[in-house]
Amino acid sequence: MSESIDVDAPTLSRYVMTKTRDTDLVILMSALATSFKLITSAVNRAGVAKLYGLAGEVNSTGDDQKKLDVMSNDMMINALVNSGVCSVLVSEENEEPIFVPENKAGKFCVAFDPLDGSSNIDCNVSVGTIFSVYEKAPGSKGTVDDLLKSGAHCVCAGYCAYSSAVELVFTFRGGSVEGFCLDPTIGEFVHTRLNMQFPADGGKKIFSCNEGNYNYWDKPIQDAVQEFKKGDKPYSARYVGSMVADIHRTLLYGGIYIYPADNKNKEGKLRCLYEGIPMAMIIEQAGGIASTGLFKGKVGRVLELTPDDIHCKCPIIMGGPRDIGIVYESYKANGIEC
Ligand code: P6P
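Each value, and the rule that gives it
Residue positions are given per chain, counting from 1 as you read along its sequence in written order. Only residues with pLDDT of at least 70 get local features here, since the model is predicted, and only at 80 or more are side-chain atom pairs given and counted; chain-wide, interface and lining totals rely on the full set of residues. In computing side-chain properties, one takes all heavy atoms of the structure into account and sets aside hydrogens as well as water. Confidence of the prediction at every residue is given by pLDDT, a number between 0 and 100. Salt bridges are identified by distance alone: a Lys or Arg side-chain nitrogen within 4 Å of an Asp or Glu carboxyl oxygen. Starting at the N terminus, helices and strands are each numbered in turn, a helix being any DSSP run of H or I of at least four residues and a strand any DSSP run of E of at least two. UniProt positions are given in the numbering used here, feature names are shortened, and annotations may be inferred rather than shown by experiment. Aromatic pairs are defined between Phe, Tyr and Trp rings, using the six-membered ring for Trp, whenever the two ring centres lie within 6.5 Å; interplanar angles under 30 degrees are classed as stacked, those over 60 as edge-to-face, and all others as tilted. Classification of residues uses two cut-offs on accessible area relative to the type maximum, computed with a 1.4 Å probe and protein chains only: under 20% is buried, over 50% is exposed, and between them is partly exposed. Whether a charge sits over a ring comes down to the Lys NZ or Arg CZ being within 6 Å of the ring centre and within 35 degrees of the ring normal.

Engineer: So, the confidence of the model for the protein: which residues are in play, and what are the values?
Structural biologist: Averaged over the protein, the pLDDT score is 95; the fraction of residues at 70 or greater is 99%. Across the interfaces of the predicted complex, the ipTM metric reaches 0.98, alongside a pTM of 0.95.

Engineer: For the pattern of salt bridges, give the residues involved together with the corresponding values.
Structural biologist: Scanning all chains against the criterion turns up 12 salt bridges. In this structure, the salt-bridge partner of E102 is K141, at a minimum N-O distance of 3.4 Å. With E102 in the loop between β4 (98–99) and β5 (105–116) and K141 in the loop between β6 (127–135) and β7 (156–162), this residue pair connects regions lying 39 residues apart in the sequence. It is possible to trace a salt-bridge network through shared partners that takes in E284, R301 and E304.

Engineer: Can you lay out the UniProt feature "domain: Fructose-1-6-bisphosphatase class 1 C-terminal" (unreviewed entry) in the protein for me, pointing to particular residues and giving the numbers?
Structural biologist: In this structure's numbering, the residues bearing the UniProt feature "domain: Fructose-1-6-bisphosphatase class 1 C-terminal" (unreviewed entry) are residues 204–328. Taken end to end, residues 204–328 is 34% helix and 19% strand, and its two terminal C-alpha atoms sit 19 Å from one another.

Engineer: Got a sec to walk through the packing of aromatic side chains? Specific residues and values, please.
Structural biologist: This model, assessed by the stated rule, comprises 10 aromatic pairs. For the ring pair Y15 and F170, a centre distance of 6.0 Å and an interplane angle of 75° mean the geometry is edge-to-face. Of this pair, Y15 sits in helix α1 (residues 12–20) while F170 is found in strand β8 (residues 166–172), placing the two residues 155 residues apart along the sequence. When sorted by exposure, Y15 lands in the same class as F170, which is buried. Geometrically, the ring pair formed by F170 and F180 is stacked, given 5.6 Å between the ring centres and 25° between the ring planes. On the criterion of sequence distance, the pair formed by F170 in strand β8 and F180 in strand β9 (residues 177–183) is long-range, its members being 10 residues apart. Assigned by exposure class, F170 and F180 land together as buried. An aromatic cluster is defined as three or more aromatic residues linked by ring pairs; in this entry it consists of Y15, F170, F172 and F180. Stacked on the ring of Y253, the Lys or Arg K204 has its end atom at 5.7 Å from the ring centre.

Below is the structure:
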């Protein structure tokens, strides 16, 4: 039977309005969606439009900026500054925050990594955008302090994966995790995954980490990863090195994603505001766990961390009770309470 022509598109704007009745949030998500569509266009044309390679600059992380990094960053900044609903922007690509002119300012403060994993672009590996949204404190003109808050204050968080499909996954504070795919025939993100849940049984036995760092890890992490390899049915190793791809697979298939603090990176490598907190919100509101592992003397949750700088880092260990439990048993076996 021929596929029925869809006469009713469950769009992103419809979902946000129905769910929140917050027109500013509808405008914000629409501005984000516009930037994701622009980034999709640039990423898809990278090969033919000679967008591979370096832009000749470095970013706040000290990474060489790719041409697509700079373009994606400009696309997001332009969309958000001109949305009329943002006051402060923080981008991985900008050392300093971006303050929106008062005549265009609004209640939201947005932190983002416009093209996370972009070191993989030149070899066509999936990349993504990660974002977290906070609201200005009452009476605030919009300052960095409106963003330097724990994940408990984050009103919306998500990512857009640029891969075989362009898929936006996000959640509102305390809400469900929802997936929207870009339908190129109508240029809209349409609702394709409803109430996404981390596999309750832990899902596929997959561990995802950069084992090249093994010698820098603390012993509990080393022991836990060795544990995943034991037995007649050991876990599979899957690591893309592009956070959105690794987390999206973990959310859908299960398993565990580990980027711990280590002797080389005492605070881990990933950025709290626009990698750790948004991904932790997604995983926890889908039923998983987002732990810091042993960090600053204790084992806690990523969402309990309060960033002290817009580019501060945090360790991240994400998964379900089955696999996080193996890590926690390893800490206890090494005398660390958790
Ligand atoms: P490593 C990409 O640079 C990134 O920020 C994440 O997307 C990715 O998960 C991680 O770093 C990869 O880091 O040290 O394994 O190359």
